[in-house]
Amino acid sequence: MSASLSRAVDILKEVIDAPIASYFNSCVHCGLCAEACLFYTESGDPKYTPIHKVEPLRRVYEQEYTLLGRIGKWLGLSKPISDEELGNWRELVYDSCTMCGRCTIVCPVGNDIVYMVRKLREGMAIAGHAPDGVVGATKRTVEIGSPMGVKLPAVKAQIGHIEAETGLTVPLDQEGAEYMVLLSSMEIINFPEYLSAIAKIMKQAGKTWTLCSTAFEATNSGIQIGVSDLAKVIVSRIVEGAERLKVKTVISPECGHAFTAIRWEGPNLIGRPFGFKVKHILEVLDEFRAAGLLKTEGFEEERLTFHDPCQIARRGGVIEPQRNLMRMVSKNFVEMSDPGKYNWCCGGGGGVSANDDAEEIRLIAFKRKKAQLDEVKPDKLVTACANCRIVLEEGLEHYQMDLPVVGLTEMIAEHLVEK
Amino acid sequence: MDAAELLNWVRGPGLQIAIAVFLLGTIWRLIEIYSLGRKPDLAERRHVPGASGWHTLVRRSIPIPGMFQRSTITYVAGYAFHLGLAVVVLLFAPHIKLIQDLIGLTWPALPSQFVDLMAVVTLVAMLVVLIDRIRQPVKRFLSTFEDWLTWAVTFLPVLTGYMAARHLLLPYTLMLSLHILSVELLLVLLPFTKLFHVFTVWPSRWFNGDIQGKKGVAV
Amino acid sequence: MNEKKSGLLIDNLARQGVSRRTFLKYCATLASLMALPPTAGRAFAEALAKSHRPSVIWLSFQECTGCTESLTRSHAPTLEGLIFNSISLDYHETLQAAAGSAAEAAREAAMKENWGKYLLLVDGSVPMKDGGVYSAVGGVSNYDTLMASAKGAAAVVAIGSCASFGGLPKAQPNPTGAVPVSELVKDKPVINISGCPPIPVVMTGVLAHYLAFGTLPELDKLGRPLSFYGETIHDRCYRRPFYDQGKFAKTFDDEGARKGWCLFELGCKGPVTYNACATVKWNDGTSFPIESGHGCLGCSEPDFWDAGSFYRALSLPTTPLEKVALGAIGVGAAVGAGVALSNRAAKAKAKAAHQTATLDDLEK
C-alpha cells in the first residue's frame, strides 16, 4: 500500500462515523437516489447512481469497522481498497456529483449520501485523485487568496471603479461595522454589479458595512476538493478578519458553496463556534425588506423565474427570502417545477464547474435545467449564485437558448428608490 | 424426520437457535454501528418548525414531488409489500398470540380471510419488486447476491405461510413447519444483511432529518 | 376366546343375532367412512360376509391398555365388538383367559397353524435400550417377541400412537429407548392406526378391509389409512368458522368458551392433527374433545407429548426462550462492546497518524 493510499484510508477511518455506518446498513439498493440525480436522469447510465458513487467508502467502512468485514478481509474474502480503484472512482466522486443533495432528501431509508460524498472526497484528495482543475483552484485559493487568482489590488481597483460610478464609499477594513461583506472572485471579475448593488442597498438601509483586506474572498475550494485541513486555512482568514474588525455579521455573497463553507462547515473546521453571525445576502436583504429598510420602485416587465442554488436553498435553508424579494420587484414571477428545496442543480456545483474532465457530462446533465426552463418559458432567469450563473450561461449557450441570467441582488439594486 | 417431528423442532430448538442468533446479532450490530459516534455540530442551528430528525422519521415515508411519477413501480410495490407484510405479520391471530407470549403485548386480530388476501397482495408486490430489480437497469446494476438472497428469505415465509393457511401443495403440518423454519432463517440472516435496515432505517432517517433540520430545511 | 376356528363371518354374526340387513348397513357405513365408492358398500359386504375368521395375534408392549379399553368399553355390544368377536383372537394378554406358559403356547400354536396368514396387532412401543430389559414377558424381551411373531405374519397393525410412533414411552428423554414397530419390522407391511387411543371404527375398518379384500387400505406418508387420517381435525371442525373470523376463547370459562368459539389460543392442536374425530366422533358418534370444550391434544401425531404444553397455542414456542434470549443479549452486548472498543482504538490510531494536509499532498 502506497503512503498516500494508506493516508487516505486513515483519513476515511477518521471521518467514518455512526451516521455513515447507519446509512450503509440501511441501503436496500432500491435505486431511488438515481432518479433524484440529474447525472443519472439525463444520461441514463446506472453508474451515476449516487449510492454507487460512495462504494469505496462503504468498503472501507465494512473492512475496518465491522467484525464480519474484518474477518472477511483477514480471510482474504474481500480485497482491501486499491489506489487504482480510487482512481477509477474519480469521475463518480468529482465529475458527476455536485453535492447538490437531492439524493439525500429522496432516499427512503434516510441516507444522507452527499454527507458521505463530502467525506469520501477527503480520502480521494489525499490519495491524489482530485481532478486537476479543482486542485488548481484550491492551490490558488490557498496561495494567492482566491480560486481565480484575484489579489487585493484587483479588489481595490474595482472599489475605485464603483466608488467613481456610484458616488458611494465602499469601506475597507472599517472596524466595528455591523456587516462584513464577502465576495466571490467570480463577482470581482465577472459580476462587479454585485458590489455596487451592496453599496447602494447598505446606503439605503443605513447600515454600516465593510470589506476586509485579508478576507474579501468567500469561496472555499477546500470544501469542494474535500480537504478539511485546507478548508480550515481558508475559512480561518474570514474568522480572523471578522474578529479583527469586530463585525456583528458576516455576509456570504451570491455563491452557493461559500455559504456552506462559512455558515455550516466553518465552526466545525476551526473547532469552535463563531463570535459573529453568518448570513447569506438574501437573508440580509429579506430582513431589510421586512424591517422596511429596503424600498424599491417599479416592477420587471418580463416573465421571470428563479433558479435556487442548491447550497443556498436545499442545503442552506434560505428558501423564502428569495421569493419575497422576487415578488418585490416582479409581478410576473413564475416558479419552475420542483422549486425551493426540491430544485434541480445547474450541474456545476461542488467543484464540477472547475473540472475540465466533467465538461461533457455537465452539459448532458444540463438537459434537466433546460427541460425545466422549456416548461416555464421565462424571459429572464434570476439566481443568487455566481457559479450557478456562469454554469447556466454556458449551458444555455451550448443549447442555443437565448435567455439572460441575472443575480437577484443586483436586480433588487436596480429597483432601489433613489434618494 | 417427519413433519410432526420437524414442527416440534422448529417450535423448540430451532426457534431457540434462531432467537439467540437474532438477538445476539442485533445487539452486537447495533453497538458496532452506533458506538462510532459523531462529532457535535458547532454551527449555529436554525430553528424552523417541522425541520428535525423526528419529523423526517415519519415524513420520509412520503415521496417528494415528482418522485412518485418517476418511480411509480418502486413506490407502489414498495408500499404494498411493506404494508402487506406488516398486516400479515402483526394482525394474524396466531402471530399475535406468539407476540403476546414473547413480549406480553396483544391487540385484536383481523379475520383470517383478510390476512390471506393481504398475503396475496404482499406476494404479488414482492414479485413485482423482483421483476423490477431484474428489469430496471439501476436496480440490476446495484444488485448483489445479498439482494437476491434477502428477497428470497423474505418471500419464503409469506409464501409458506399462505400455502399453509390455504392447504396448498403440502400437508399442513409440513408446510407450517417450513413456514416457521423460513421465519427462523429470516431471523438468523436479518442482523447480517441489508434486512438490518428494519432497525437502522430509523436512526438513519433521524440523522438525515437532524442534519438538514439544523439548516432549517424540513426534509 | 378360543371358540371354533372355522366358518364364515356372516354365519358367526347370524349366530350372535346380527341380521343380514344390519350387517349390510354397517358395511355401507364403513365403506363410506373409508371413502370407498358408493357401489363398493355391497361388494364390501359380499366379500366380508364370505371371509373366513382370520387368526389374529395381539401383542402388548409398553402400553397402558387404553387402546384395548377404547375397543372394548362400549355400553352395548357394538358391531366393532362383534367383528372382534368374529375374528380368531388367538392371543391377547388382557382379554384371554389363559395365563403363563399356557398362553404363550397358544400363541405359538396359532402362529404355527396360520404361518404366513395371521395378522399381528401390536399396541405399545418396544424398549431397545439396555438390551430391551425394560419390558419383557416370561423373560422374553418385547423385541424378541415382536420379531419372532412378525416373521410369520401377513401384515402388522400398530394399534395406537405408542406402537405407531413411540408415544408416551418415547417422550423425552425416552428412558427405555422406545421405538415404534415400523422401525423394527421392515419386511412386512406395517399399518399405523395412531391415536391415544385410536377411534374403534378405524381399527375395525382396517380389519374389515383386510378381511374383505385381502389387502391393506391406502396409507399416508406415516403409514396411516388415508381415509381416516386424510384431513386435519381443524379442517373438519364445526368451530372452524370462528377461527376464520378471529373469534377465540381466551380461557375455558370466558364468554368465548361459552359461545363455542375456536380453542386455538387455548392450545388446540387441531390444525396439525390428522384424524377422524371431528367426523366419526366418539362413543357412537356422541361427541369429541373439541365439542366437549377442550382443545385437541394432537394425540394421533408423532411425538405429541413433546410438542409443548397442551394448553399452549400452536404458534407458540414449545420451550421457554427467556434464558436463551438473555444469554444471547449478553453475548451480543459483549461482542458489540469488544468491536466498539477495537473500533475506537482504530479510529484513535488513524487520528494520531493524521498529518495536516498540504497542497503538495493533492498532487499524485
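Definitions and cut-offs
- Residues numbered from 1 in each chain as written.
- Chains lettered and ligands numbered in written order.
- Predicted model: local features only at pLDDT ≥ 70, side-chain atom pairs only at ≥ 80, totals over all residues.
- Axes fitted to C-alpha atoms, helices over the stretch in contact; angles between N-to-C directions.
- Helix = DSSP H or I, 4+ residues; strand = E, 2+ residues; numbered from the N terminus.
- Parallel < 35°, antiparallel > 145°, perpendicular 65-115°, else oblique.
- Left-handed = near helix turned anticlockwise from the far one by under 90°.
- Contact = placed C-beta atoms within 7 Å.
- Pairing = 2+ DSSP bridges.
- Buried ≥ 20, exposed ≤ 12 C-beta atoms within 10 Å, placed from the backbone.
- Right-handed = clockwise from strand over helix to strand, strands pointing away.
- pLDDT = per-residue confidence, 0-100.
- Nonpolar A, V, L, I, M, F, W, Y, C, P; charged D, E, K, R; others polar.

A few words on the packing of helix H9 (residues 145–165) of chain B against helix H10 (residues 172–189) of chain B. Residue and element names in this part refer to chain B. Between H9 and H10, the least distance of the axes is 8 Å, while the angle of their chain directions is 160°. If you check the angle between H9 and H10, you find them roughly antiparallel. At the point where H9 passes H10, the crossing takes the left-handed sense. The segment H9 lies against H10, with Val153, Thr154, Leu156, Pro157, Thr160, Gly161, Met163 and Ala164 engaging Tyr172, Met175, Leu176, Leu178, His179, Ser182, Val183, Leu185, Leu186 and Leu189.

Below, the discussion takes up the sheet that holds strand S1 (residues 179–181) of chain A. Residue and element names in this part refer to chain A. An order of S2-S1-S3-S4 is seen for the four strands of this open sheet, with the pairing classed as parallel. Pairing within the sheet leaves two strands with one partner each, and these edge strands are strand S2 (209–210) and strand S4 (277–280). Where strand S3 (residues 249–252) meets S4, four bridges bridge the pair, whose relative direction is parallel. Residue serine 252 lies in a different strand from S4, and its bridge partner there is histidine 280.

To continue, consider the pairing of strand S5 (residues 304–307) of chain A. Residues and elements named next belong to chain A. Here S5 shows two buried faces, one formed by Leu304 and Phe306 and the other by Thr305 and His307. Crossover S5 to strand S6 (residues 333–334) through helix H20 (residues 320–329) is right-handed. Looking at chain direction, S5 and strand S7 (residues 380–383) are connected through four bridges and run parallel. By the bridge assignment, leucine 304 is partnered in S7 with lysine 380.

Residue and element names in this part refer to chain C. Per-residue confidence for chain C gives a mean pLDDT of 87; residues scoring 70 or more make up 94%. The low-confidence segment residues 1–6, where pLDDT is below 50, has six contacts with residues more than four positions distant or belonging to other chains. What the predictor reports for the complex is a pTM of 0.87 with an ipTM of 0.96.

Attention shifts here to the packing of helix H17 (residues 228–245) of chain A against helix H18 (residues 256–270) of chain A. Residues and elements named next belong to chain A. The N-to-C vectors of H17 and H18 enclose an angle of 110°; their axes lie 9 Å apart at closest approach. On the basis of their axis angle, the class for H17 and H18 is roughly perpendicular. Across the interface between the two elements, Ser228, Ala231, Lys232, Val235, Ser236, Ile238 and Val239 from H17 touch Ala261, Ile262, Glu265, Gly266, Leu269 and Ile270 from H18. Grouping the constituent residues of the contact of H17 with H18 by class yields eight nonpolar, three polar and two charged.

Taken together, the 45 residues of chain B in the interface contact 48 residues of chain A. Elements that contribute at least two residues to the side of chain B that touches chain A include exactly helix H2 (13–34), helix H4 (67–70), helix H8 (137–142) and helix H11 (197–214) of chain B. With nine residues, H11(B) is the single largest residue contributor to the side of chain B that touches chain A. Here the side of chain B that touches chain A is composed, by residue class, of 21 nonpolar, twelve polar and twelve charged.

For the rest of this paragraph, the subject is the environment of Ala386(A). Residue and element names in this part refer to chain A. Within the secondary structure layout, alanine 386 lies in helix H22 (residues 386–398). The spatial distance from the C-alpha of alanine 386 to the C-alpha of proline 309 is 9.5 Å, given a sequence separation of 77 residues. Setting aside chain neighbours within four positions, we find alanine 386 in contact with Ser184, Met186, Glu187, Phe191, Glu254 and Cys255.

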